[in-house]
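Chain and residue survey
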Amino acid sequence: EEEGYEDMGLDAFALLPEIMEDNTVQALKKGIDYCDSGLEMIRILVQATPKINSMLKSKSSLEVIEGMKFIARTVNFNIRGSLKSFKCTLPLVFHTEASIRDAAILCFRNVFLVSDCNEESKNSKSSDSILPPSEVAKSLCQLLQTFGSNERTCVEKILKELFSSG
């Protein structure tokens, strides 16, 4: 070991030319930075969940719809507690406002029937990214095992609406 490295702080060490030019070190640093930013995003999402859940009860249909979109994304990314939030969106399929009913159906579709997070396909009725029937069936069976009768009734209504409209 070269003299002086043990007295050097980590930040100063990282700025040494031989460290900055080492591709392995730089690749590891990028990987660590990527993981850190992912963890920060997860922390933010978990902290935002109570506010998002309250948006589902808003008098503003726009807030309700945006809340559902956010919840669908958190479920897609398997964020802790997101399925519990998703369950709160199910009764909105019976909402008096058509835009909220449609958004509840689209939310369910985006979580359980579509394979990617492509915003364009998720906002349309495009069938390009629909999951294979066996995967949908498996997913729905697992989901329904965790639901009570009220939630199952909501899912039945959603599926009826989805498959009757094509």
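Before any of the text, the structure's been laid out above.
This one's a predicted model, so the numbers in the text were calculated from it and none came from an experiment.

Our next topic: the overall build of the chain. When helices and strands are tallied, the chain shows 9 helices and 0 strands. Scanning the chain from its N terminus toward the C terminus, one meets helices and strands in the order α-α-α-α-α-α-α-α-α. Burial analysis of the chain (166 residues in total) assigns 30% to the buried set. Restricting to contacts in the chain with at least 6 residues of sequence separation, those with at least 24 account for 48%. With the model as given, the accessible surface of the chain reaches about 11100 Å², and the carbon-plus-sulfur share is 58%.

Turning our eyes to something else, we now look at the packing of aromatic side chains. Inspection of every chain in the model, using the stated rule, returns 3 aromatic pairs. Aromatic side chains phenylalanine 86 and phenylalanine 112 sit 5.3 Å apart centroid to centroid with 65° between the ring planes, which places their arrangement in the edge-to-face category. Residue phenylalanine 86 is found in helix 5 (residues 82–89), and its partner phenylalanine 112 is found in helix 6 (residues 98–112); the two are separated by 26 residues along the sequence. Residue class for phenylalanine 86 comes out buried when judged on its relative accessible area of 0%. Since its relative accessible area comes to 9%, phenylalanine 112 is described here as buried. The rings of Phe86, Phe108 and Phe112 are connected pair by pair, giving a single aromatic cluster.

Another aspect to go through is helix 6. The end-to-end C-alpha distance of helix 6, which contains 15 residues, comes to 21 Å, matching closely the 21 Å that a straight helix rising 1.5 Å per residue would cover. Looking at helix 6, one finds that the buried residues are Ile100, Ala103, Ala104, Ile105, Cys107, Phe108, Arg109, Asn110, Val111 and Phe112.

Moving on, we get to the nonpolar core. With 31 residues, the main nonpolar core has Met68, Phe86, Leu90, Leu92, Phe108, Phe112 and Ile158 as its most contacted residues. Mapped by element, the contributors of at least two residues to this core are helix 3 (23–55), helix 4 (61–76), helix 6, helix 8 (133–145) and helix 9 (149–164). Here this core takes 8 residues from helix 6, the largest share from any one element. Excluding its chain neighbours within four sequence positions, the residues that come into contact with leucine 92 are Leu56, Val64, Met68, Ile100, Arg101 and Ala104.

Cut-offs applied
- Residues numbered from 1 in each chain as written.
- Predicted model: local features only at pLDDT ≥ 70, side-chain atom pairs only at ≥ 80, totals over all residues.
- Heavy atoms only, no water.
- Helix = DSSP H or I, 4+ residues; strand = E, 2+ residues; numbered from the N terminus.
- Buried < 20%, exposed > 50% of the residue type's maximum accessible area, 1.4 Å probe, protein only.
- Contact = heavy atoms within 4.5 Å.
- Areas by Shrake-Rupley, 256 points an atom, 1.4 Å probe, with all protein chains shown as cover.
- Phe/Tyr/Trp six-rings, centres within 6.5 Å; stacked < 30°, edge-to-face > 60°.
- Expected span 1.5 Å × (residues − 1).
- Core = buried A, V, L, I, M, F, W, Y, C linked by side-chain atoms within 4.5 Å.

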